[in-house]
Amino acid sequence: MSTLVQPILLTGNEVQQLSKEVGRDTLMGKAIAKNVKDLEAFMRLPIEVPGHGEAGGYEHNRHKQNYTYMNLAGRLFLITGEERYAQFVRELLASYADSYLTFDFHVQKNTNPTGRLFHQILNEHVWLMFSSLAYSCVASTMTEDERQHVIDNLFNPMLDMFTVKYAHDFDRIHNHGIWAVAAVGICGLAVNRREFLDMSVYGLDRDGSGGFLAQISKLFAPSGYYMEGPYYHRYAIRPLCVFAEVLHRHMPELDIFNYKDGVIGRTVEAMLATAYPNGQFPALNDASRTMSINDAGVQVAVSQYAEHYGIDENLLGMAKIQDSVWMHACGLTLSKAFESKSDVGLPFWPSVELNEGPNGDRGAQGFMRVQDKDKDVFQLVMNYGQHGMGHGNFDTLGISYFNRGKEVLREYGFGRWVNVEPKFGGRYLDENKTYARQTIAHNAVTVDETCQNYFDVERADSVHGEPHFFCADHQQMVGMGAFANAHYDGLGQQRSVFMLKHEDFEAPLLIDLFRLTSDCAHQYDYSHQFDGQIIRTNFDYEAHKELNVVSDALGYRHLWNVAQGDVTGSALVSWLQENSYYTWLGTSSNPNGQIIFTRTGANDPSFNLRSEQSFILRTHGEDTLLASVVETHGYFNEEFEQSVNARGVAKEIRVIGHSDSASVVEIETEKTRFTLMVSNDPNVTRDSVNHAEIAGKTYSWVGFYAIEQAVLV
């Protein structure tokens, strides 16, 4: 027989404190009000437990809505005392208990094992976690027979399926594994089967080889970075934080929030530190371009961090963007802190290099930030870490760039229409492999029209980038650099990127040096993904009346060759994106070059790809240095017919020379010549004294890089 349980995540005193927030104009009050409104709207629908359906289809979404609103209804019953919320949970759980064992397993359509409710077992894990929490909130209002009916026909069969039928997947170190252990552990508490909590913490064999402690020990680097990238990090963070809160309350001996030097706090910090200033996450690896810190899992993480690790201005700034908190005692802590401050500003996270791998020795992700005189944040992201397992993209040394509230050098994101069932059930499309994950789809260099690591996941997982330098403390210029020498056979890659502040420029100038070394000639395609209207170039090009693909190679076959032209010296491409002008100046150490303007959409009969633009600087050679700047300038307002500073001030960029010891380039405006010197020595330090013979001249400086200025007028 079942034994009555108490709410797993809330004590009586916490419920009493939350109840006082009902009707108040606080973050918690607004969260409660919104949840009540949403729940009331859903409860007007009849109770329904649908059968099978497509991933992302009606049935899928109804099961998802059912667990979402059961979870809300359980807590809102405690907070508001509304009996009908408990009745809603009881009736829905009873309906699932009546139906669950009558459903067969879904037909398997990909590598993920299936459940009785969903096309993949992951979704069933999510369902069980939230439904178990809801059950624990209303169990005291159920009869013994009602409780036993739910346990025998719903919860116990699920527990058996997850730990016996799919035992091989339970201890998998992956975001799916986080959901699995959280679901089983919480359900085990809800049905008074403590052995399942132990399994979830220590693994099926209870020897520490699997389970929650292994997950948080192996998935996150010492920096807290999650190898699959921010999109999957925000997905994994919710069960991680919810289950951690459960363990804090029900296994206090673990001291979970201090486990492994506070890994839970560090991973929340790392996740938040990846976000753009507008709260959106960069689309590193497979990722939606629209995922932001407003995600419910991130709200849980921010609230929990406030309770267990402390509150600072940036955390309050995150809460300001979210305009909500987790409907929990942790969220109340953050809500009260926010209420006590009258002048909360937007967050400004410092520049940070987040190392990768369990030991922090498998490369890193760099997030560089500077502010202009108007306090606008310019953020530069570079990937020089691990592949990212099955969700990894082949774009080591790729960058993205954000300023003035938008992404300027853009990431395409994944090839997928989440929950749009006519688009392959909302799952990953073939174009995710043939375009979105290909190197040419990113702001990187593609060699011989071939993807990095030749699109071999196993090979890609065996290598990683190597950090070179990360300098965020210079007043005038910040920069980071890295190598990727194992991603193409017989070819070395090195990228060094900087943001320079100078009175010649109205905004920080992005400087980018991409060096490639080889014993034989290659074709190098230096790609830039942008959004906006081309304003001008400094070279002639042919706009094609009939479109052809750039080539038949993977990735390229989806690119229309819209226009192209030969270039010598500094090639200029300027475009308008929303209210700002951007000018790119680029060159190569090779004498030959072409600019190819592209647009996605070729070989896409089902219209799965978005129409996105890029331009490619193509050159051929052996050892090659590609150099460019991106200048942000001017203002445009169509409504008021205003246009200011439509032309940038950067006039030319030249490669002076490069060698194994250094690269030297010059950038000129009408007033100033800038000479940038960068060490190419992988062992250089901040205190290294550098001397490099380049083009018959000796250049000397201290540290990773230096910039000299000469007044021209």
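Bear in mind the structure is a predicted one, so any value in this text is a computation, not a measurement. Numbers given to residues run from 1 along each chain, matching the order in which its sequence is written. Residues qualify for local features only when their pLDDT is at least 70, as the model is predicted, and side-chain atom pairs are given and counted only at 80 or more; totals for whole chains, interfaces and linings, by contrast, use all residues. Water and hydrogen atoms play no part in the side-chain values, which are based on all heavy atoms of the structure.

Student: Explain the overall build of the protein to me, using residue names and the numbers behind them.
Tutor: Along its length, the protein carries 17 helices and 27 strands. Radius of gyration: C-alpha atoms only; globule rule: 2.2 Å multiplied by the number of residues to the exponent 0.38. Taken over C-alpha atoms, the radius of gyration comes to 27 Å for the protein, in line with the 27 Å a tight globule of 713 residues would show. Overall size of the protein, expressed as C-alpha extent along the three principal axes, is 90 × 55 × 55 Å. A buried classification covers 62% of the 713 residues belonging to the protein. Numbered from the N terminus, helices here are DSSP runs of H or I no shorter than four residues, and strands are runs of E no shorter than two. We call a residue buried when its accessible area falls under 20% of the maximum for its residue type, exposed when it is over 50%, and partly exposed in between, using a 1.4 Å probe and counting protein chains only.

Student: Which residues make up the sheet that holds strand β1 (residues 352–355), and what values go with them?
Tutor: Two strands qualify as a pair provided that DSSP identifies no fewer than 2 bridges between them. Pairing is antiparallel across the open sheet formed by five strands, whose spatial order is β1-β2-β3-β4-β5. Of all the strands in the sheet, the pair left with one neighbour each is β1 and β5 (406–409). In this sheet, adjacent strand axes meet at a mean angle of 20° when their direction is disregarded. Inter-axis angles, ranging from 0 to 180 degrees, are taken between N-to-C directions of lines fitted to C-alpha atoms, where helices are fitted over the stretch in contact.

Student: Could you give me a rundown of empty space enclosed by the protein, with the residues and numbers involved?
Tutor: Remark: the empty space left among the atoms is shown by a probe the size of a water molecule rolled over them. In the cavity and pocket records, a cavity denotes points on a 1 Å grid over the protein atoms alone where a 1.4 Å probe fits but cannot get out, a pocket denotes an open set with protein on both sides within 12 Å along at least 5 of 7 lines, and lining residues are residues with an atom within 4 Å of a point. Grid points are joined across faces, edges and corners, and a volume is the space filled by probe spheres set on the points. Counted by the stated rule, this structure contains nine cavities of 30 Å³ or more. Each pocket or cavity is described by its volume, and for the largest cavity that value is around 130 Å³. Broken down by secondary-structure element, the contributors of at least two residues to the lining of the largest cavity are α3 (58–80), α5 (121–138) and α11 (230–250). Among the elements that line the lining of the largest cavity, the one with the most residues is α5, at four residues. Under this grouping Gly is polar, as are all residues other than the nonpolar Ala, Val, Leu, Ile, Met, Phe, Trp, Tyr, Cys and Pro and the charged Asp, Glu, Lys and Arg. Per-class residue counts for the lining of the largest cavity are 10 nonpolar, three polar and two charged. Lining of the second largest cavity is provided by Ala275, Tyr276, Pro277, Gly279, Met318, Ile321, Pro347, Phe348, Trp349, Arg369, Val377 and Gln379. When contributions to the lining of the second largest cavity are tallied by element, the ones reaching two or more residues are α14 (313–322) and β3 (377–384). Of the residues assigned to the lining of the second largest cavity, the class counts are nine nonpolar, two polar and one charged.

Student: An account of helix α2 (residues 27–43) is requested, with residue identities and associated values reported.
Tutor: Between its terminal C-alpha atoms α2 stretches 24 Å, which fits the 24 Å expected from 17 residues at 1.5 Å a residue. Residues of α2 that are buried: Leu27, Met28, Gly29, Ala31, Ile32, Asn35, Leu39, Glu40 and Phe42. Any pair of residues with heavy atoms lying within 4.5 Å of one another is described as a contacting pair. In this structure, the buried residues of α2 make contact with α1 (12–19), α3, α4 (83–99), α14 and α15 (329–339). To estimate how far a helix should reach, multiply one less than its number of residues by 1.5 Å.

Student: Explain the sheet that holds strand β6 (residues 445–447) to me, using residue names and the numbers behind them.
Tutor: Spatial ordering of the open sheet is given by β6-β11-β18-β17-β14-β13, a layout of six strands whose pairing is antiparallel. With partners counted over all chains shown, the strands left at the sheet margins are β6 and β13 (542–549), one partner each. Taking the axes of each pair of neighbouring strands and ignoring which way they run, one obtains an average angle of 30° across the sheet.

Student: I'd like a description of the packing of α2 against α4, backed by residues and values.
Tutor: The interhelical angle for the contact between α2 and α4, taken along N-to-C directions, is 55°, at an axis separation of 12 Å. Considering their axes alone, α2 and α4 lie oblique with respect to each other. Here the hand of the crossing between α2 and α4 comes out left-handed. For the pair α2 and α4, contact is made by Val36, Leu39, Glu40, Phe42 and Met43 and by Arg84, Tyr85 and Phe88, respectively. In these notes the angle categories are as follows: under 35 degrees is roughly parallel, over 145 is roughly antiparallel, 65 to 115 is roughly perpendicular, and the rest is oblique. Helix crossings are classified by the rotation of the near helix relative to the far one: an anticlockwise turn of less than a right angle makes the crossing left-handed, while a clockwise turn makes it right-handed.

Student: Account for the packing of aromatic side chains, naming residues and giving values.
Tutor: In this analysis, rings of Phe, Tyr and Trp, with Trp reduced to its six-membered ring, are considered paired at centre separations within 6.5 Å, and the interplanar angle assigns stacked below 30 degrees, edge-to-face beyond 60, and tilted for intermediate values. Summed over all chains, the structure comprises 33 aromatic pairs. A ring pair is formed by tyrosine 67 and phenylalanine 130, whose centres lie 5.4 Å apart and whose planes are at 10°; its orientation type is stacked. Residue tyrosine 67 is found in helix α3, and its partner phenylalanine 130 is found in helix α5; the two are separated by 63 residues along the sequence. Taken as a pair, tyrosine 67 and phenylalanine 130 share a single burial class, namely buried. Ring geometry for tryptophan 179 versus tyrosine 235: centroids 5.3 Å apart, planes at 45°, classification tilted. Here tryptophan 179 is found in helix α8 (residues 175–190), whereas its partner tyrosine 235 is found in helix α11, with 56 residues between them in sequence. The class of tryptophan 179 is buried, set by a relative accessible area of 3%. What links up through ring pairs into an aromatic cluster is the set Phe530, Phe539, Tyr541, Trp575, Tyr582, Trp584, Phe597 and Phe615. Taking the ring centre of phenylalanine 424 as reference, the NZ or CZ of arginine 427 above it sits at 4.2 Å. Over the aromatic face of tyrosine 412 sits the side chain of arginine 610, whose NZ or CZ is 4.1 Å from the ring centroid. As a reminder, the over-ring test applies to NZ of lysine and CZ of arginine, requiring each to be within 6 Å of the ring centre and within 35 degrees of the ring normal.

Student: Give a description of the nonpolar core that names residues and reports values.
Tutor: Take the buried Ala, Val, Leu, Ile, Met, Phe, Trp, Tyr and Cys residues and link them wherever side-chain atoms come within 4.5 Å; each set so joined is a nonpolar core. Judged by nonpolar contacts, the single largest core of 128 residues is most densely connected at Trp127, Tyr135, Leu154, Phe155, Phe212 and Leu272. In contact with leucine 154, not counting residues within four places along its chain, are Leu93, Tyr96, Ala97, Tyr100, Trp127 and His149. Among the nonpolar cores identified, the runner-up in size contains 44 residues, and Tyr401, Met499, Tyr582 and Ile595 belong to it.

Student: Describe in detail the side chain of histidine 174, supporting the description with residues and values.
Tutor: Positionally, histidine 174 belongs in the loop between α7 (167–170) and α8. Overall, the relative accessible area of 6% leaves histidine 174 in the buried class. Here the side chain of histidine 174 touches glutamate 228 through a polar contact of 3.4 Å, side chain to side chain. For histidine 174, the contacting residues outside a window of four places in its chain are Gln215, Leu219, Tyr226, Glu228 and Met389. Polar contacts, as used here, are pairs of N or O atoms within 3.5 Å; protein pairs need one atom able to donate a hydrogen and one able to accept it. Residues neighboring in sequence count only if both atoms are side-chain atoms.

Student: Summarise the UniProt feature "domain: Alginate lyase" (unreviewed entry) in the protein; cite the residues concerned and give the values.
Tutor: UniProt positions are given in the numbering used here, feature names are shortened, and annotations may be inferred rather than shown by experiment. The sites that carry the UniProt feature "domain: Alginate lyase" (unreviewed entry) are, in the present numbering, residues 70–274. Each end of residues 70–274 is marked by a C-alpha atom, and these two atoms are 32 Å apart; helix forms 69% of the span and strand 0%.

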